[in-house]
2 protein chains.
Amino acid sequence: MTRVGGRAGGGAPRGVDVARLAGVSQKTVSRVLNGERYVSEDVRRRVLEAAGELGYRLNSAARALASGRTRSIGVVTLGTALYGPASLLIGIERAARDAGYALRVVNTLEGDPGGVAGAVESLLEQGVDGILVSEPIDEGPVSLSVDVPVLVLGAPAAFGGARTMTRGVGAERLARTATEHLLDLGHATVHHLAGPQRWFAARDRLEGWRGALAARGIAPPAVLHGDWSAASGYAVGRELAAHRDCTAVFAANDDMAIGVVRALTEAGLRVPDDISVVGFDDIPVAAYVTPPLTTVRQPFDAVAREGLRLLVRAIEDPEADLPPAYDPPVDLVVRASTAPPPRGARPPAPPLARPRGDTAAG
Amino acid sequence: MTRVGGRAGGGAPRGVDVARLAGVSQKTVSRVLNGERYVSEDVRRRVLEAAGELGYRLNSAARALASGRTRSIGVVTLGTALYGPASLLIGIERAARDAGYALRVVNTLEGDPGGVAGAVESLLEQGVDGILVSEPIDEGPVSLSVDVPVLVLGAPAAFGGARTMTRGVGAERLARTATEHLLDLGHATVHHLAGPQRWFAARDRLEGWRGALAARGIAPPAVLHGDWSAASGYAVGRELAAHRDCTAVFAANDDMAIGVVRALTEAGLRVPDDISVVGFDDIPVAAYVTPPLTTVRQPFDAVAREGLRLLVRAIEDPEADLPPAYDPPVDLVVRASTAPPPRGARPPAPPLARPRGDTAAG
DNA sequence: CTGAAAGCGCTAACAT
DNA sequence: ATGTTAGCGCTTTCAG
C-alpha cells in the first residue's frame, strides 16, 4: 500500500512533509499552525488540509528547543488524597488547560528528602515556563534559585527567590467565620482542633480562630492537635468528652470533625445539644454524616483560577505588576452539628458509655 | 562581578560550557551525565565538578528532540476529587518517579467533548513515551491511533489501538467479597446500590455482586442506581427504608453507603440491627462515621505500581511479551455496619420518623 | 576510553 | 503575504 504524500522513512510526519504536500514552505506551515497573521485564506486551508491528511502534529520538543518556551506549568503538590489538595489540583489542571498550558506534576511526600526544593529542581529539569507550589508544608526557609516565575499558594513568604510570589487561599477568613458562627450561637468560647502546624494551611486556620476570639476579648483555650485524620479527631474527641468546659469545637478539617463527633457520641454526649462541632472544607459526605456537619466550604476553583491567572501573567509579561490579591468569597454551610450551648452546665460524659458495642477502630 | 567560567551571554549554561570548564568535549559531558560506561573516574569527577559549579542542568527539550524520547508518561484521569481516582493518581505519580519518568496529566471532565480521545491527542502533542488511562468512563468505542504504548486501567478492551493494553484493578473480586460477607452473615439476598454505569469501575462492582449471588443460586434483586455521591445514596436509602424485604445493601462506594445509612437512620431503622450496609473503598472517615462502616479497601498503590511497570516495560522493550495479570489482594474491613439479619421480619420503617429535626440537605 | 560531525524539527530574524 | 537562513542543545554515529 502506497501512502500518498507520506513520509518516506516511516516516522512521524514533519513540517516539511506538510509543506511539500501543500506546496508551500515549511515556515508557512509553522505560521498556519501557530495562528499567526498574514496568511492568505487559501494557503491556510491548503496547509490544514495537508496536515490533516498526514496526521501531522507539531513536535513540542523541537518547538521548545527553538523558542525557549515549553507552554507548560509545573505543579508541586503534596502526595495525599486529602480532599483539599486533590480539589485544588483539579482546579489548577482545568485552569491551566484553559490558558493553553500543559501540566507537569510532582508530588512531595511528607518527610521527603529534598522536599519542595527537590521537586522544583525536577520540574526545572523537565522544562516548565512557571511553577505553582500548592499549599506546601513548612520545611524551614527554602531558597529557590530559579529563572522562571514561581507562585506559592497558601504559604506566606516562606520561600525565597527572585521571581517568587505568594498568594493566600483565604483560609484564615473562613476559619474566623466558622469560629464566629459558634460564638454567635452563644458559646462562651470555642476550642480548636488544629492540623499539623508544619502545614501552612493549618496555621492559617489557627490564626483565623485566634483572631475571632481575640476580636471579642476571649482568651483562647489550649489548642488541640490532630493530623487531619478522623482517627486523630477521634482521639481528641475522647479527651474533650471529659472536659466539662467545652461546648464548642472548631476542627481544622471535616475528617477530624467527624472523628470528634464519633468520640463524643460514643461517650454518650449529644451533638449539637451538648457540644457543637464545626468542620472545614465541606467534603462531599459532610451533609450525610450524623449529625450533618456544619462546615465552611473552600472555593478551590476560584483560588486555582486566580492563582493560575497570576502565574500566566508573570510568565507572559514579566514586567507587568501584579494584580491585587483576590479575596475569595466566604461560604459557611450551617447544618445540624451546631446549636446554642446547653442551658446550665454541660452534662458530664457518662463513664465509658458506648452505644451498642460499635467500635471505631478499623 | 565576573562569573568564572560562566556563559558569556547570560542564559542557562550548556553542555559545551561545562565541557570547556572541565577541559573535555561536549560529548563526554553528555556521557557522564547520562551515566554511560567507559568514562575514566578522573574525567567523570571533573565533569561533575564543573557542572555543579555552573549550576548546569540538561535541557530536556534538546534531549527529547535528539533522542526521540521524552522520559515522560502521560496520564488521562477523571477530573474528580473522588477518593478512588485521586488515590490512584498519587500512586501513579510515585511509581512513575521511581521509574525515572516525569508525569504529564490531563483530566477529562465528565461530558467533555472529545473525552479520552481528545486527552490522548493532547498528550501526544506534548510528547510522551507512553500513556496511562486511569479508570475511564465508557464513551462508546474509542479508537486510538497512537504510536506509543497505551495502558488502560480498569476498562476491559473498550479502547482500540495497536499498542493498547488493558488491566483490571481487581474491583470485581472485591465486590464479590463484600457481597459474600453479607451472605455469610445469613442475609437471604443483598441489594446493590450501583455507581453510574458509564463508569467501568461501577460495572465491575455490579458484576462482582451479581457473580456472588449467582454462585449461590440467588436471583439478583433490582439494581439501585446512584451517582457516587452521598446525596444519591441518601435518596436511595429513603426508598429502601420502605422496602421490607431488604436487610442488606452493598453500595458501590463509601460515600453512597454513608448516604444510605443516613437515610435509614432518619427513617428510624437501625444499622446494622435492621439493615446491614457495606461500602467500597475504605475512605479515611469510614471508620469514624456512625456506625463505623464495613467496606473493602482498594489496593491503589499496588495497582498503580503494577500498571506503571507494565507500561514502562512496553516503552522500553516493545518486543517483550506482557507479564501475566497481577491479582491484587482482597482486603475486607469488617466494622460495625454489618450484622446478621434481624430474626423474624424486619420492622417496617416508622412513617416519617426523624430524629431531633436534623436535616441532611446542605 | 574520548572526540568530531551531523542532525533531531522547529522558531526567530531577516529578506523579499 | 511568503520564503531563506541559521541556530536552539542535545544524542547518534562514526573515528580514532
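Keep in mind the model is a prediction, meaning the values are calculated, not measured.

Of the regular secondary structure elements, chain A holds 11 helices and 13 strands. For 362 residues, the compact-globule estimate of 2.2 N^0.38 gives 21 Å, and the C-alpha radius of gyration of chain A, at 27 Å, exceeds that figure by more than 25%. The principal-axis extents of the C-alpha atoms in chain A amount to approximately 90 × 45 × 40 Å. Across the 362 residues in chain A, those meeting the buried criterion constitute 52%.

This next bit is on the interface of chain A and chain B. With 58 residues of chain A in contact, the opposing surface of chain B contributes 58 residues. When the buried surface of chain A facing chain B is broken down by residue, A:Arg57, A:Ile90 and A:Tyr288 rank first, second and third, together holding 15% of it. Applying the counting criterion to the chain A and chain B interface returns 2 salt bridges. One salt bridge in this structure joins A:Arg57 and B:Glu121, with 3.0 Å as the shortest N-O distance. If you look at where chain A meets chain B, you find 14 residue pairs in polar contact (both at pLDDT 80 or more). Counting residues per element, the ones that place at least two in the side of chain A that touches chain B are helix 4 (60-67), helix 5 (83-98), strand 2 (102-108), helix 6 (115-126), helix 9 (230-241) and helix 10 (254-266) of chain A. The greatest single-element share of the side of chain A that touches chain B, amounting to 8 residues, is contributed by helix 5 of chain A.

The next thing to look at is the UniProt feature "domain: HTH lacI-type" (unreviewed entry) in chain A. Under the UniProt annotation, "domain: HTH lacI-type" (unreviewed entry) lies at residues 17-67 of chain A. Taken end to end, residues 17-67 of chain A is 71% helix and 0% strand, and its first and last C-alpha atoms sit 21 Å apart.

Residues and elements named next belong to chain B. Across the 7 residues that make up strand 2 (residues 102-108), a large majority, 7, are buried. Residues of strand 2 alternate between two faces, with Ala102, Arg104, Val106 and Thr108 on one and Leu103, Val105 and Asn107 on the opposite face, all of them buried. Pairing between strand 1 (residues 72-78) and strand 2: 7 bridges, direction parallel. Bridge pairing in strand 2 places isoleucine 73 opposite leucine 103. The parallel pair strand 1 and strand 2, bridged by helix 5 (residues 83-98), forms a crossover whose chirality is right-handed.

Assigned domains of chain A: these are domain 1 (12-58), domain 2 (67-167 + 300-329) and domain 3 (171-293 + 335-361). Once you take the C-alpha centre of each, domain 1 of chain A and domain 3 of chain A turn out to be 63 Å apart.

Take the protein's contact with DNA strand D next. Inspection of the region around DNA strand D gives 25 residues, with A:Thr28, A:Tyr38, A:Ser40, B:Lys27 and B:Ser30 positioned closest. The sugar-phosphate portion of DNA strand D accounts for 64% of its atoms within 4 Å of the protein, the bases making up the rest. A:Arg31 places a side-chain nitrogen or oxygen 2.8 Å from a base oxygen of DNA strand D. Elements with a contribution of two residues or more to the surface near DNA strand D: helix 2 (26-33) and helix 4 of chain A together with helix 2 (26-33) and helix 4 (60-67) of chain B. Broken down by element, the residue count for the surface near DNA strand D peaks at 4 residues, all from helix 4 of chain B. Broken down by class, the residue content of the surface near DNA strand D amounts to 10 nonpolar, 9 polar and 6 charged.

Criteria and thresholds
- Residues numbered from 1 in each chain as written.
- Chains lettered and ligands numbered in written order.
- Predicted model: local features only at pLDDT ≥ 70, side-chain atom pairs only at ≥ 80, totals over all residues.
- Heavy atoms only, no water.
- Helix = DSSP H or I, 4+ residues; strand = E, 2+ residues; numbered from the N terminus.
- Rg over C-alpha atoms; globule rule 2.2 N^0.38 Å.
- Buried < 20%, exposed > 50% of the residue type's maximum accessible area, 1.4 Å probe, protein only.
- Contact = heavy atoms within 4.5 Å.
- Buried area = accessible area lost by both parts, 1.4 Å probe.
- Salt bridge = Lys/Arg side-chain N within 4 Å of Asp/Glu carboxyl O.
- Polar contact = N/O pair within 3.5 Å; in protein donor to acceptor, adjacent residues only side chain to side chain.
- UniProt positions renumbered as here; feature names shortened; annotations may be inferred.
- Pairing = 2+ DSSP bridges.
- Right-handed = clockwise from strand over helix to strand, strands pointing away.
- Domains from an automatic or database assignment.
- Near = heavy atom within 4 Å.
- Nonpolar A, V, L, I, M, F, W, Y, C, P; charged D, E, K, R; others polar.

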